[in-house]
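# Chain and residue survey
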Amino acid sequence: MKRVVALFLFLLSLHLHAQPVTIQAAEDIKYLSQKMANDYLFLFYKPDHFKYLPMLKKSLQQLETDLRTIAKDTQSEDIHAILDYLSYTKDEIADLLEDDISEENAQKILDFSNTLVEGVDNILESLQQRLFKYELKYNLMKLSKLYMAVHLKLEETDNTKALYDTIQTVERKTQKVDRDLYVSWHTYKRLFNPTPLYFIPHLMSIAVEDLEESVDKL
Amino acid sequence: MKRINQLLISIAILLSLFFVYRSYQAYKNYQIIQQSDLYVHLLGNLQKSIHALESERLSTALYLGYKGNTNFGQLANIREKSDQALQELFSYLSSNEKLADIKASFSHIHEDLRYVRSRVDVINDDYKTILIDYYHTKIVAPLLKDLHHWVNKLSLSVETIAPYFHTYKALTNFIDTQNQEQSFIAYKLAAYQEMTMPDLVIWETILNQEEIPDITPLSQKPIYHLLDKTVQTKLLEERLTTLRRNVLRGSNNGNYTLQAASWIAQIQQNIDAVQEAQQTLFDYIKSLDFKSIVPVKLYINIGFFLLLLGILFWLIKRQQNLRPIHKRILDEDNPDIKIKHDTDIETLGTQNTLVANNETAILIDSEELLELADGDLPLTNITVSPTKPKTVVKKEEKIKEDQEVIQKVQIKETNFSPIELFKEVIKPFIYIAQQRNIAFHYAIDPSLPQVCIGDREKIKEIATLILNYAIQSTSSRKTVTMKIENVAQKKFETALSFRIKDPSSYIPKEEQRHIRKGEKPAHILPSGHEDLFKAGKLVKQVGGSLRMESDRSNGTEFAVSINLKRFIPTDQ
């Protein structure tokens, strides 16, 4: 009996030890999924801009590392099944980056980013834990992605709705966490305007980077 | 074959035109290179004027932002400097006629500058019109556009120097966007004015034009290390990111944490660094000896053009050689007959009768004959075309001069019509061929002279003997062809040739030699060969030649060539 209890405690400790690394990697995948889609939309907007493609490839490498981390750190068959699917999506993105920059591919990468988020959310639900800072950064990046998608007229109606929803989410989350962050957010909030006349991707991008840095400092 | 040749000629012409165009372009570029001093100095003058005007714009932005609460004297000094720079530019443009057009395109600048300055003097609030619409769009941008235009021209002229100009252009662009941003934001910071969404759109427009200068195209050049030290792209980007964030944070309400002076100073660090690199590169460009540059592009294009020209001439010559020999001779000697040849193609196959008439001539050329023999149309579909009889007068004196050509043997020379003669020969064989169930196709060249001088009877006998041999030796359902051609024609002579193709018989080489010589061999002759020996002898007598080609599968082809004198009427 004692041996059984000892074994159970050992396995439980292993499980508890594994969780933070897995969760962190899973949250990172969520963030990267949005970042890759966002960077691709910037690339689609300015195809001759040399910095976005290396950034996308770097994000893809980080995504691979995160997937490996989760795979090593978890023994759950369900999670491994999800990882298979996520890995497949990652390969699809890699193929897409080798292809020409096009509206069709921009639409595809938006879909892939949603697929990755759904998969990771399932993992996080099974682990029953989320990291607030990562979630906030993920939402900020999602906001940037949706802003670009709306202005580049990619599924405009759905993405406009999602943009407003995400603005609300960021509003709620920043309100909860820190006053300075909330003030900064309020300074920048008006920039996420879906009106075509006020398309300011560079300034919006500066704002998102600034907010992300503020979140990192929390 | 002809069509392929024609296609090749067309391709060669097109390619030649293409290389003419390329050579012209390369020559124009070479001309620019030859006058590079003129244009490089122009770039220097433009660059100086742009810098001066950008300084004036920045001072103006501060003056307006502070609502005139700064030293106006400072602004006035800067205005003087820009006037001076512009004056230098205009005097340079006036110094050369080639630059007159550029001068004309800048004629509005003085007027615009005077107008915008008067508005600044009264501290007009319309900063967008003053800073963007006038100072940038109407004053600086045309100068910058022209600078880019000449940079592009010079970079296109010679590939080896292109990276210098591309980099110079990139540096100039970056300085321009930095200056635009600097003056616009300086105004907002000086005025502590919030940025509305349209203001943010103006800022965004400037950022959208910005490109961090890339100096890597010069990485293989010695100047690269000098530029790399000055232009540190990462540092430029980091500085800009921090500054822009600071400004953007206060843009909502005008509570900027950054002073205008601080903003100007920090952005100026970027501008100075890039300007230093720009000047270094410009000095280097000035030091290049453009005139010693070999216009490789021009030479290559001219080389290709000349090569194609050579090919073109060769193809044209080849095309001429592909035309049938007798046609070429006819074209040269007898234009009337050429017309007949052209028209006979149109009417070919429209008549199916053989008319033995003094007023007709049967028209067909050797190539068409072969085509017909291979194709569906029977050779007997021969066009009959009327020919006009000519009144002829003897030119006896001339003929007498040629008496030496008359055969040494007993030759009875008479005037006769070769066409009539051959019709006479052929007529009975049409009937014989029908009886023997043999297809007999013949063609008489209409270009044969109307009247010739020669031994009519001997020629008739030769043709009759050979044709008789061919018809007799040919088995039923086979085809015997006879072509009578005027293969060459001079003013007083004509070369008559008739060829008879017998598909069945075979004559060995040795036998052919005897026939040609007209000598009877010692052995017993095969049936009909007696006639051939006789024909061979007669051919020799009339000074002609008899050739034979014979093989077991295709039979034998007899080709007789006889030179005849042409009958020339005295009125000619």
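The present account deals with the structure reproduced in this document. Since the structure is predicted, the reported quantities are computational estimates derived from the model, not experimental observations.

Residues and elements named next belong to chain B. On the surface, K509, R516, K517 and K540 cluster together to form a positively charged patch. At 3 residues, helix α19 (residues 509-517) tops the list of elements feeding residues into the positive patch. Structurally, the position occupied by K540 is in helix α20 (residues 529-541). Look at K540 and you get exposed, because its relative accessible area is 54%.

All names here are of chain B. According to the stated counting rule, one finds 32 salt bridges over all chains in the structure shown. Residue K460 pairs with E424 through a salt bridge whose shortest N-O separation is 2.9 Å. One end of the pair, K460, is in helix α18 (residues 456-473); the other, E424, is in helix α17 (residues 418-435), and 36 residues separate them in sequence. A relative accessible area of 24% places K460 in the partly exposed class. According to the relative accessible area criterion, E424 is partly exposed, its value standing at 36%. One network of salt bridges, in which partners are shared, links E424, R456, E457 and K460.

The method is simple in principle: a probe with the dimensions of a water molecule rolls over the atoms, and the space it marks as empty is what remains. Space inside the largest pocket adds up to approximately 1,400 Å³. Considering the residues around the largest pocket, the lining is formed by 47 residues, among which K51(A), Y52(A), M55(A), E209(A) and E237(B) are closest to the centre. Elements with a minimum of two residues in the lining of the largest pocket: α1 (2-45), α2 (52-73), α5 (132-151) and α8 (201-216) of chain A together with α7 (162-191), α8 (197-209) and α10 (233-250) of chain B. Counting residues per element, the lining of the largest pocket draws most heavily on α8(A), at 8 residues. Each residue belonging to the lining of the largest pocket can be placed in one class, and the counts come to 16 nonpolar, 12 polar and 19 charged.

On the surface, V294(B), V296(B), Y299(B), I300(B), F304(B), L307(B), I311(B) and W314(B) cluster together to form a nonpolar patch covering roughly 810 Å² of accessible area. Relative to the helices and strands, L307(B) is located in helix α12 (residues 296-321).

This brings us to the interface of chain B and chain A. Interface size is commonly expressed as the accessible area that is lost once the parts come together. Tallying the contact residues gives 20 residues for chain B and 22 residues for chain A. When the two sides are added together, the surface that chain B and chain A hide from each other amounts to roughly 1,900 Å², 57% of it contributed by carbon and sulfur. Summed over the three residues of chain B that lose the most area to chain A, namely M197(B), E204(B) and R245(B), the buried surface amounts to 35% of that side. Our enumeration of links across chain B and chain A arrives at 3 salt bridges. Taking the shortest distance from any N to any O, the salt bridge between D210(A) and R249(B) comes out at 2.6 Å. Scanning the region where chain B abuts chain A turns up 9 residue pairs in polar contact (both at pLDDT 80 or more). At the level of elements, α8 and α10 of chain B are the ones that each hand at least two residues to the side of chain B that touches chain A. No other element matches the 8 residues that α8(B) contributes to the side of chain B that touches chain A. Considered class by class, the residues forming the side of chain B that touches chain A number 9 nonpolar, 5 polar and 6 charged.

What follows concerns unusual backbone geometry. Residues and elements named next belong to chain B. Although it is not a glycine, N437 adopts a positive phi angle of roughly 60°. Mapped onto the elements, N437 comes out in the loop between α17 and β4 (439-444). Under the relative-accessibility criterion, N437 is labelled partly exposed at 45%. The phi dihedral of R477 falls on the positive side, at around 70°, and the residue is not glycine. Structurally, R477 can be placed in the loop between α18 and β6 (479-489). Overall, the relative accessible area of 74% leaves R477 in the exposed class.

This part takes up the pairing of β4(B). Residues in a regular strand point their side chains to alternate faces of the sheet. All names here are of chain B. Counting buried positions along β4 gives 5 out of 6 residues, so the element sits mostly inside the fold. Of the strand pairs in this sheet, β4 and β6 are connected by 6 bridges, and their pairing is parallel. Along β6, the bridge assignment pairs I444 with I484.

It is worth spelling out the environment of K229(B) at this point. Structurally, K229(B) can be placed in helix α9 (residues 224-230). Sequence separation of K229(B) and A277(B) is 48 residues, and the distance between their C-alpha atoms is 8.9 Å.

Moving on, we get to the packing of aromatic side chains. Residues and elements named next belong to chain A. Scanning the model with the defined rule gives 17 aromatic pairs over all chains in all. On the numbers, 5.8 Å between centres and 35° between planes, the contact of W185 with F192 is tilted. Here W185 matches F192 in class, with each residue buried. Chaining the aromatic ring pairs together yields one cluster made of Y45, Y147, W185, F192 and F199. Lying over the aromatic face of Y138, K30 brings its terminal NZ or CZ to 4.4 Å of the ring centre. The ring of Y31 has K137 sitting right over it, with the charged end atom 5.1 Å from the ring centre.

Once that is clear, we can look at the packing of helix α5 (residues 108-121) of chain B against helix α6 (residues 127-157) of chain B. Residues and elements named next belong to chain B. Where α5 contacts α6, the two axes come as close as 10 Å, and the packing angle between them is 160°. Accordingly, the angle class assigned to the pair α5 and α6 is roughly antiparallel. Of the two elements, α5 crosses α6, and the hand of that crossing is left-handed. When α5 is examined against α6, the residues H108, I109, D112, L113, Y115, V116, R117, R119 and V120 are found in contact with a partner set consisting of T129, I130, Y134, Y135, K138, I139, P142 and L143. Taken together, the residues of the contact of α5 with α6 sort by class into 11 nonpolar, 2 polar and 4 charged.

Each value, and the rule that gives it
- Residues numbered from 1 in each chain as written.
- Chains lettered and ligands numbered in written order.
- Predicted model: local features only at pLDDT ≥ 70, side-chain atom pairs only at ≥ 80, totals over all residues.
- Heavy atoms only, no water.
- Patch = residues over 30% accessible without salt bridge, like charges linked within 9 Å, V, L, I, M, F, W, Y side chains within 5 Å.
- Areas by Shrake-Rupley, 256 points an atom, 1.4 Å probe, with all protein chains shown as cover.
- Salt bridge = Lys/Arg side-chain N within 4 Å of Asp/Glu carboxyl O.
- Lys, Arg positive; Asp, Glu negative; His and termini not counted.
- Charge placed at Lys NZ, Arg CZ, Asp CG, Glu CD.
- Helix = DSSP H or I, 4+ residues; strand = E, 2+ residues; numbered from the N terminus.
- Buried < 20%, exposed > 50% of the residue type's maximum accessible area, 1.4 Å probe, protein only.
- 1 Å grid on protein atoms, 1.4 Å probe; cavity = no way out; pocket = protein on both sides within 12 Å on 5 of 7 lines; lining within 4 Å.
- Points joined across faces, edges and corners; volume = space filled by probe spheres on them.
- Nonpolar A, V, L, I, M, F, W, Y, C, P; charged D, E, K, R; others polar.
- Contact = heavy atoms within 4.5 Å.
- Buried area = accessible area lost by both parts, 1.4 Å probe.
- Polar contact = N/O pair within 3.5 Å; in protein donor to acceptor, adjacent residues only side chain to side chain.
- Pairing = 2+ DSSP bridges.
- Phe/Tyr/Trp six-rings, centres within 6.5 Å; stacked < 30°, edge-to-face > 60°.
- Lys NZ or Arg CZ within 6 Å of the ring centre and 35° of its normal.
- Axes fitted to C-alpha atoms, helices over the stretch in contact; angles between N-to-C directions.
- Parallel < 35°, antiparallel > 145°, perpendicular 65-115°, else oblique.
- Left-handed = near helix turned anticlockwise from the far one by under 90°.

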